[in-house]
Protein chains: 2
Amino acid sequence: MPSTSLDRSPYLLAARGEPVPHTPVWFMRQAGRALPEYRKVREGISMLESCMRPDLVVEITLQPVRRYGVDAAIFFSDIVAPLQFAGYDIEIKPGIGPVAADPIRDAAGIAAVRPVTAADVPYTTEAVQQLVSELGGTPLIGFAGAPFTVASYLVEGGPSKDFAKTKAMMHGNPELWHALADRLADVAIAYLAVQVEAGASAIQLFDSWAGGLSPRDYERFVLPHSAKVFEALKSYGVPRVHFGVNTGELLGLMSAAGADVVGVDWRVPLDEAVRRLDTPKPVQGNLDPALLFAGWEAIEPEIDRILDEGKKAPGHIFNLGHGVPPDADPDVLQRIAKYVQTRSAQ
Amino acid sequence: MPSTSLDRSPYLLAARGEPVPHTPVWFMRQAGRALPEYRKVREGISMLESCMRPDLVVEITLQPVRRYGVDAAIFFSDIVAPLQFAGYDIEIKPGIGPVAADPIRDAAGIAAVRPVTAADVPYTTEAVQQLVSELGGTPLIGFAGAPFTVASYLVEGGPSKDFAKTKAMMHGNPELWHALADRLADVAIAYLAVQVEAGASAIQLFDSWAGGLSPRDYERFVLPHSAKVFEALKSYGVPRVHFGVNTGELLGLMSAAGADVVGVDWRVPLDEAVRRLDTPKPVQGNLDPALLFAGWEAIEPEIDRILDEGKKAPGHIFNLGHGVPPDADPDVLQRIAKYVQTRSAQ
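Since this is a predicted model, take the numbers as computed values, not measurements.

Our focus in this paragraph is the relation of the copies chain B and chain A. After a rotation of 180° and a shift along the axis of 0.0 Å, chain B superposes on chain A with an RMSD of 0.0 Å. Considering both components of the superposition, the chain copies are consistent with a two-fold axis. Looking at the interface residues of chain B, 100% of them are also at the interface in chain A, so both copies use one shared face.

On to the packing of helix α8 (residues 147-156) of chain B against helix α9 (residues 164-172) of chain B, then. Residues and elements named next belong to chain B. Running from N to C, α8 and α9 cross one another at 105°; their axes reach a closest spacing of 8 Å. When the axes of α8 and α9 are compared, the pair comes out roughly perpendicular. Packed against α8, whose contacting residues are Phe-148, Ser-152, Val-155 and Glu-156, the element α9 presents Ala-164, Lys-165, Thr-166, Met-169 and Met-170 at the interface. Split by residue class, the contact of α8 with α9 holds five nonpolar, two polar and two charged.

Our focus in this paragraph is the environment of Ser-160 of chain A. Residue and element names in this part refer to chain A. Residue placement: Ser-160 occurs in the loop between α8 (147-156) and α9 (164-172). Counting along the chain gives 49 residues from Ser-160 to Trp-209, while the straight-line C-alpha distance between them is 9.5 Å. One polar contact links the side chain of Ser-160 to the main-chain amide nitrogen of Asp-162, over a distance of 3.2 Å. Polar side-chain contacts of Ser-160 include one of 2.7 Å to the backbone nitrogen of Phe-163.

All names here are of chain A. The positions that UniProt labels "domain: Uroporphyrinogen decarboxylase (URO-D)" (unreviewed entry) are, in the present scheme, residues 24-33 and 141-157. Across residues 24-33, helical content stands at 0% and strand content at 0%; the span's end C-alpha atoms are separated by 23 Å. Helix makes up 59% of residues 141-157 and strand 29%. Its end C-alpha atoms lie 28 Å apart.

Right, let's get into the UniProt feature "site: Transition state stabilizer" (unreviewed entry) in chain A. Within this structure's numbering, the places UniProt gives as "site: Transition state stabilizer" (unreviewed entry) are Asp-78 of chain A. You can see Asp-78 of chain A is positioned in the loop between β1 (73-74) and α5 (81-85).

The next thing to look at is the sheet that holds β1 of chain A. Residues and elements named next belong to chain A. With parallel pairing, seven strands are arranged side by side in an open sheet as β1-β4-β5-β6-β7-β8-β9. A strand with exactly one partner marks an edge of an open sheet, and here the two such strands are β1 and β9 (316-320). Pairing between strand β4 (residues 140-145) and strand β5 (residues 202-206): five bridges, direction parallel. Its bridge partner being in β5, Phe-143 is matched across the sheet by Gln-204.

Turning next to unusual backbone geometry. Glycine aside, residues mostly have negative phi, and peptide bonds are mostly found in the trans state. Following Gly-285 of chain A, the chain continues to Asn-286 of chain A via a peptide bond in cis, the omega torsion being -5°. Along the chain, Asn-286 of chain A turns up in strand β8 (residues 283-287). Even without being glycine, Arg-29 of chain B reaches a positive phi, approximately 55°. Along the polypeptide, Arg-29 of chain B turns up in the loop between α1 (10-15) and α2 (36-42). For Arg-29 of chain B, a relative accessible area of 47% gives the class partly exposed. Phi is positive for Phe-163 of chain B, close to 55°, though the residue is something other than glycine. Residue position: Phe-163 of chain B is located in the loop between α8 and α9.

Attention shifts here to the pairing of β5 of chain A. Residue and element names in this part refer to chain A. By the criterion of burial, β5 is predominantly enclosed, with five of the five residues buried. Examined bridge by bridge, β5 and strand β6 (residues 240-243) share four bridges and lie parallel to one another. What sits directly across from Ile-203, in β6, is Arg-240.

All right, on to the interface of chain B and chain A then. Contact with chain B, which involves 29 residues of that partner, is made by 29 residues of chain A. With both sides pooled, the region where chain B packs onto chain A buries about 2,200 Å², and carbon together with sulfur makes up 51% of that total. Among the residues of chain B in contact with chain A, Arg-216, Glu-249 and Arg-267 of chain B are the three that bury the most area, contributing 25% of the side total. Our count for the contact surface shared by chain B and chain A stands at six salt bridges. The partner of Glu-309 of chain A in a salt bridge is Arg-216 of chain B, with the nearest N and O atoms 3.1 Å apart. Summed over the shared surface of chain B and chain A, the number is eleven residue pairs in polar contact (both at pLDDT 80 or more). Taken together, the elements giving at least two residues each to the side of chain B that touches chain A come down to α9, α11 (215-233) and α14 (296-310) of chain B. With five residues, α9 of chain B is the largest single contributor of residues to the side of chain B that touches chain A. Looking at the side of chain B that touches chain A, its residues break down into twelve nonpolar, seven polar and ten charged.

For the structure shown, the criterion picks out 18 aromatic pairs over all chains. For the ring pair Phe-206 of chain B and Phe-243 of chain B, a centre distance of 6.4 Å and an interplane angle of 75° mean the geometry is edge-to-face. Highlighted residues: Phe-206 of chain B in strand β5 (residues 202-206) and Phe-243 of chain B in strand β6 (residues 240-243), separated in sequence by 37 residues. Comparing Phe-206 of chain B with Phe-243 of chain B, the two get one shared label, buried. Three or more aromatic residues link up through ring pairs in this structure, and these residues are Phe-85, Tyr-123 and Tyr-191 of chain A.

What follows concerns the pattern of salt bridges. Residue and element names in this part refer to chain A. Per the counting criterion, the structure on display carries 44 salt bridges over all chains. One salt bridge in this structure joins Glu-59 and Arg-66, with 2.9 Å as the shortest N-O distance. For Asp-308, the salt bridge is made with Lys-311, and the minimal N-O distance between the two is 3.2 Å. Classification of Asp-308 by relative accessible area gives partly exposed; the value is 43%. Given a relative accessible area of 63%, Lys-311 falls into the exposed group. Among the charged side chains, a network of salt bridges with common partners joins Asp-7, Arg-8, Arg-16 and Glu-18.

Each value, and the rule that gives it
- Residues numbered from 1 in each chain as written.
- Chains lettered and ligands numbered in written order.
- Predicted model: local features only at pLDDT ≥ 70, side-chain atom pairs only at ≥ 80, totals over all residues.
- Heavy atoms only, no water.
- Least-squares fit on C-alpha atoms with pLDDT ≥ 70 in both.
- Contact = heavy atoms within 4.5 Å.
- Axes fitted to C-alpha atoms, helices over the stretch in contact; angles between N-to-C directions.
- Helix = DSSP H or I, 4+ residues; strand = E, 2+ residues; numbered from the N terminus.
- Parallel < 35°, antiparallel > 145°, perpendicular 65-115°, else oblique.
- Nonpolar A, V, L, I, M, F, W, Y, C, P; charged D, E, K, R; others polar.
- Polar contact = N/O pair within 3.5 Å; in protein donor to acceptor, adjacent residues only side chain to side chain.
- UniProt positions renumbered as here; feature names shortened; annotations may be inferred.
- Pairing = 2+ DSSP bridges.
- Buried < 20%, exposed > 50% of the residue type's maximum accessible area, 1.4 Å probe, protein only.
- Buried area = accessible area lost by both parts, 1.4 Å probe.
- Salt bridge = Lys/Arg side-chain N within 4 Å of Asp/Glu carboxyl O.
- Phe/Tyr/Trp six-rings, centres within 6.5 Å; stacked < 30°, edge-to-face > 60°.

What follows is the structure in structure tokens.
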């Protein structure tokens, strides 16, 4: 492969553990409600509809790149979007989250879940292709939800604090659980494959809520399915990033599942996070999003600390420890991006 | 002190790290909505009112002891109850949680928060005295919320997922934060002192949400205030238990704050938890409450594992890793209590 500006972009260099001109930075959920321009284009348009309109996906994905000057774009989508595209009845309710019409209780419920094919989602292919063309040297990260986190919505019927029904299925009916998680691995694989084949330069698999599980449960009930996703995407040769909040106990296992880069929330310093991986790998993170509201005097030393701790990793992609809160001030995010890029280039 | 049946109760023996006839067991939030007899006596009576009526506090505290045969009772209260008793305007909304009328933003807000005196809460003294008399050889655990968790409700105005305003205050206005947390330490000390002086045999300080903090933030902003609470209660000579969910990264610090017993959620096995403490101490936990819904076949091996792992600690008090869910089946809890007591006595 010839070395292009994209191939030598700070994000991809860091994700491969190669030397970088500056520490790359982007923000999880950077395309979202914190941006007035996002709220404007989404007005009166449902999440599902916006995910099916290439013009909107392109615009929304590009907005934070323009505004913040971040080193990567992430494909605008939702973890349940590929289920919806394939006809599964789940709604993303504003202010609540995904709500399943018919929570999964048995094998018949699983039958309604199917992976997309490229033919199902021409709008996804079109949006990715156009984004790659417009982004030039800035990489586009493909997006999908991991089997456990997606399953939790399908089994609980909506957002949950304790995942009681999901864990009850794991322990009480492991066969059913594994069938569901395996199906959801196929859903993630198919959706990510469409994005990578259309030109995405990396993928991030979000297992946002995996931190609710003990390492024992994670290893037995979740790891095999996330590993299937990573393995299936290996041949594409793009960096595979894995992230969940509250995963201090799980970092080694999530890494062992086959991630090339491991995302870390704010609870574990990056130098300690690297020690917990199965083998040293690049890491992503990990400014506490709550700090966005604490004033620049409080933010700057935290960035300095995180950049220092990140030097202990083979590669560091700066990010928040979780998604951008909807009420964050875009000016603060812009200042953080600029500061990370400038400070780390010194 | 002469050796009484109370003094030789399995709970107090385990909390002191002495040999036990069986592993003691109780359940956090054992007095609560999972019990039909609780729902009945609470009908039409607000949380605050029920906390101010000794007859109700006694009845509700005793209900799970009767029903489950647990080895300890915990004083029925709420973490914001002592604030209410002292005139602070905060309401416990059913299905939501504590909601503050006037969230704290400045020093004037803190002035409205004051510790109770024994004279403020004759109903608390009366309820504890009557409970101790009725409980006989079963210990009563005193109850209070820790400064951080209580502060989070006062600063956010209600329950929060990310504690953004609380963390913003810590980092953006540390002086104000420390003044508030110090005041809330006094609130906890005063409320626990009333309970211990009326006869409670142990205390548990709930820092339920401390796990939202990084160890760095915990150590700087929270530990000194929780340590003040433990230090103030030291001279009473009763075991002091400390608990929060999601505190895998914080166990050593929470222990170092001055706890005699450290509660552990389901994410960290008890043998590993003991290794994380500043010095080996008795531990409490740690069955995942979600397992209550998974069927006995799934529960029994988990109890066996936890009892085995607990043997690595100087003492083990069996409990859930968090509170009893409102929709838990009391028969399952009863069976767990019986099983723990029988199995561990073999």
